[in-house]
Amino acid sequence: MVFLSAPRWLRSRLTDRFWRVQEVLKYARHFRGRKNRCYKLAVRSVRRAFVKSTKARREKKRFLRALWITRIEAASLEHGLRYPTFISNLHKSQVELNRKMLADLAIYEPKTFKSLAALAQRRGQEGFLAALGDGKEPAGIFSRIVHHH
Amino acid sequence: VAKTSLSSPPWPEVKLPDPAEEAKHHAEVVRKVNEMIAAGQYGRLFAVVHFASKQWKITSEDLIMMDNVLEAECGDRIRMEKVLLVGADDFTLIGRPLLGKELVRVEATVIEKTESWPKINMRFWRRHNYQRKRITMNPQVVLRINTIEIFPCLS
């Protein structure tokens, strides 16, 4: 005999709703207000939190680089150099430390940073004197006023 | 010439020290630093190393974590060759841009190779029914810096 009404009693019912809801609420437990308890509000907040963290991961790199530059600027001003002078002279002396390292050295190794600042200053002076030249005029050019008669 | 506003250039006078005396002074400093290194009169050394496309400021007994794979097994000793700077309390050796391999030796051991925590990448456009979620777990390698050694071969 085939019982035809038995399959009608077996519906497919959701049995793990609790765990599906917990998957979202576990990321919202440290939020403020009802969005750490109520699923409907939590879904929205958790989604925004994920999107914000994704975008922030890209901006963190820009933000940290600006922070390092500020710190290097402050440290080099303590030694009497401006930041663009310092960085350009270091590059010209083939020292390839990046801004993160320079900022860390400025905080934790002040003597090393002072020697780097001295190196940059000396390289700047040498470059300046090389640009000034001998003080003579270039050959073939005369600068006295020519009178035409 | 009388001192007027245009008698001398407006930039400050810059004089470099005498090259012969400078060379003597440099040789003296190099000899002293060589002696200090040979005698071992330095405390803890720190080094700036270029590794995994990043620069790290490391000392001995340091832990470092890279966000990618390394083709070395756990427990392998590794020598880091691209050293940019080595310093102690009294002297620093600045490389232009790298220091020689016979001058510095930085050794490290691979401690563990794991995956990172599950990072969530989500994109969402409001009112457009568009959301994508991706979970990324990068492989990570933890290294312990064993020693940093310098040898007195300056010139």
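Residues numbered from 1 in each chain as written. Chains lettered and ligands numbered in written order. Predicted model: local features only at pLDDT ≥ 70, side-chain atom pairs only at ≥ 80, totals over all residues. Heavy atoms only, no water.

K.L.:
Honestly, the packing of helix H3 (residues 39-78) of chain A against helix H5 (residues 99-108) of chain A in this entry has me stumped. Any pointers?
P.N.:
The packing of two helices is summarised by the inter-axis angle and the distance between the axes. Residues and elements named next belong to chain A. Contact pair H3 / H5: the axes reach a minimum separation of 9 Å and the direction vectors enclose 45°. As far as their axial angle goes, H5 and H3 are oblique. Crossing hand, H3 versus H5: left-handed. Contacts from Arg65, Trp68, Ile69, Arg71, Ile72 and Ala75 in H3 reach Arg99, Lys100, Leu102, Ala103, Ala106 and Ile107 in H5. (Axes fitted to C-alpha atoms, helices over the stretch in contact; angles between N-to-C directions. Helix = DSSP H or I, 4+ residues; strand = E, 2+ residues; numbered from the N terminus. Parallel < 35°, antiparallel > 145°, perpendicular 65-115°, else oblique. Left-handed = near helix turned anticlockwise from the far one by under 90°. Contact = heavy atoms within 4.5 Å.)

K.L.:
What exactly am I supposed to notice about a positive patch on the surface here?
P.N.:
Side chains of Arg48(A), Lys52(A), Lys55(A), Arg126(B) and Arg127(B) sit close together on the surface and give a patch of like positive charge. As for its position among the elements, Lys55(A) is in helix H3. (Patch = residues over 30% accessible without salt bridge, like charges linked within 9 Å, V, L, I, M, F, W, Y side chains within 5 Å. Areas by Shrake-Rupley, 256 points an atom, 1.4 Å probe, with all protein chains shown as cover. Salt bridge = Lys/Arg side-chain N within 4 Å of Asp/Glu carboxyl O. Lys, Arg positive; Asp, Glu negative; His and termini not counted. Charge placed at Lys NZ, Arg CZ, Asp CG, Glu CD.)

K.L.:
What exactly am I supposed to notice about the pattern of salt bridges here?
P.N.:
Should the charged atoms of two oppositely charged side chains come close, the side chains can pair. Under the criterion given, the structure shown has 11 salt bridges over all chains. A salt bridge links Arg122(A) to Glu22(B); the nearest nitrogen and oxygen atoms lie 2.9 Å apart. Residue Arg122(A) is located in helix H6 (residues 110-132), and its partner Glu22(B) is located in helix H1 (residues 19-39); the two belong to separate chains. Residue classification places Arg122(A) among the partly exposed residues on the basis of a relative accessible area of 23%. Here Glu61(B) makes a salt bridge to Arg44(B), at a shortest N to O gap of 3.4 Å. (Buried < 20%, exposed > 50% of the residue type's maximum accessible area, 1.4 Å probe, protein only.)

K.L.:
What exactly am I supposed to notice about the domain arrangement of chain A here?
P.N.:
It is common to report an interface's size as the accessible area lost on association of the parts. Its domain assignment divides chain A into domain 1 (16-59) and domain 2 (63-132). For domain 1 of chain A and domain 2 of chain A, the distance between their C-alpha centroids amounts to 44 Å. (Domains from an automatic or database assignment.)

K.L.:
Got a minute to help me understand the pairing of strand E8 (residues 119-125) of chain B in this structure?
P.N.:
Consecutive residues of a regular strand have side chains that alternate between opposite faces of the sheet. All names here are of chain B. As judged from the seven bridges shared by E8 and strand E9 (residues 130-136), these two strands associate in the antiparallel manner. Across the sheet, residue asparagine 121 finds its bridge partner in E9, namely arginine 134. Connecting E8 to the antiparallel partner E9 that follows it, the hairpin turn spans four residues, and arginine 127 within it adopts a positive phi of roughly 65°. (Pairing = 2+ DSSP bridges.)

K.L.:
So what exactly am I meant to see when it comes to H1(B) here?
P.N.:
Residues spaced three or four apart along an α-helix face the same direction, because each turn holds 3.6 residues. An ideal rise of 1.5 Å per residue puts 30 Å on 21 residues; H1(B) measures up with 30 Å between its terminal C-alpha atoms. All of the buried residues in H1(B) are Glu22(B), Val33(B), Asn34(B), Met36(B) and Ile37(B). Along the axis of H1(B), the buried residues cluster in a sector spanning 160°; they form a single face. Away from its buried face, by an angle of more than 90 degrees, H1(B) presents the exposed residues Ala20(B), Glu21(B), Lys24(B), Lys32(B), Ala38(B) and Ala39(B). Looking at the buried residues of H1(B), the elements they touch are H6 of chain A together with strand E6 (92-94) and strand E10 (139-150) of chain B. Backbone geometry just after H1(B) places Gly40(B) at a positive phi near 80°. (Expected span 1.5 Å × (residues − 1). Arc of directions from axis to C-beta.)

K.L.:
Can you help me understand the sheet that holds strand E4 (residues 77-80) of chain B in this one?
P.N.:
All names here are of chain B. Strand order in the open sheet formed by four strands is E3-E10-E7-E4, with antiparallel pairing between adjacent strands. Each having just a single partner strand, strand E3 (62-66) and E4 make up the two edges of the open sheet. The sheet shows a mean angle of 35° between the axes of neighbouring strands, direction not considered. Alignment of E3 against E10, held across five bridges, turns out to be antiparallel. Counted as the bridge partner of methionine 65 is valine 142 from E10.

K.L.:
Help me out: how do you make sense of the interface of chain A and chain B in this one?
P.N.:
Between chain A and chain B, the residue contacts involve 29 residues of the former and 26 residues of the latter. Together chain A and chain B conceal approximately 2,600 Å² of surface at their shared face, both sides included; 63% is due to carbon and sulfur atoms. Considering only the side of chain A, the residues that lose the most area to chain B are Arg47(A), Phe50(A) and Arg122(A), jointly responsible for 18% of the buried surface there. With a closest N to O distance of 3.0 Å, Asp89(B) and Lys111(A) form a salt bridge. At the level of secondary structure, the elements contributing two or more residues to the side of chain A that touches chain B comprise H3, H5 and H6 of chain A. In terms of residue count, the dominant contributor to the side of chain A that touches chain B is H6(A) (11 residues). (Buried area = accessible area lost by both parts, 1.4 Å probe.)

K.L.:
Please clarify how the nonpolar core should be interpreted in this entry.
P.N.:
Grouped burial of nonpolar side chains is what soluble globular proteins tend to show. Residues and elements named next belong to chain B. Ranked by internal contacts, the top residues of the largest apolar core, which has 31 residues, are Ile58, Leu70, Val104, Val106 and Leu143. Tallying contributions element by element places E10 first for this core, with five residues. Setting aside anything within four residues of it in sequence, one finds leucine 143 in contact with Phe51, Asp62, Leu63, Ile64, Met66, Leu70, Ile78, Met80, Thr109, Val110 and Ile111. (Core = buried A, V, L, I, M, F, W, Y, C linked by side-chain atoms within 4.5 Å.)

K.L.:
What exactly am I supposed to notice about the environment of Arg96(B) here?
P.N.:
Position of Arg96(B) among the secondary structure elements: in the loop between E6 and strand E7 (104-115). The spatial distance from the C-alpha of Arg96(B) to the C-alpha of Gly43(B) is 24 Å, given a sequence separation of 53 residues. When residues no more than four places from it in sequence are discounted, the contact partners of Arg96(B) are Ser93(A), Gln94(A) and Leu119(A).

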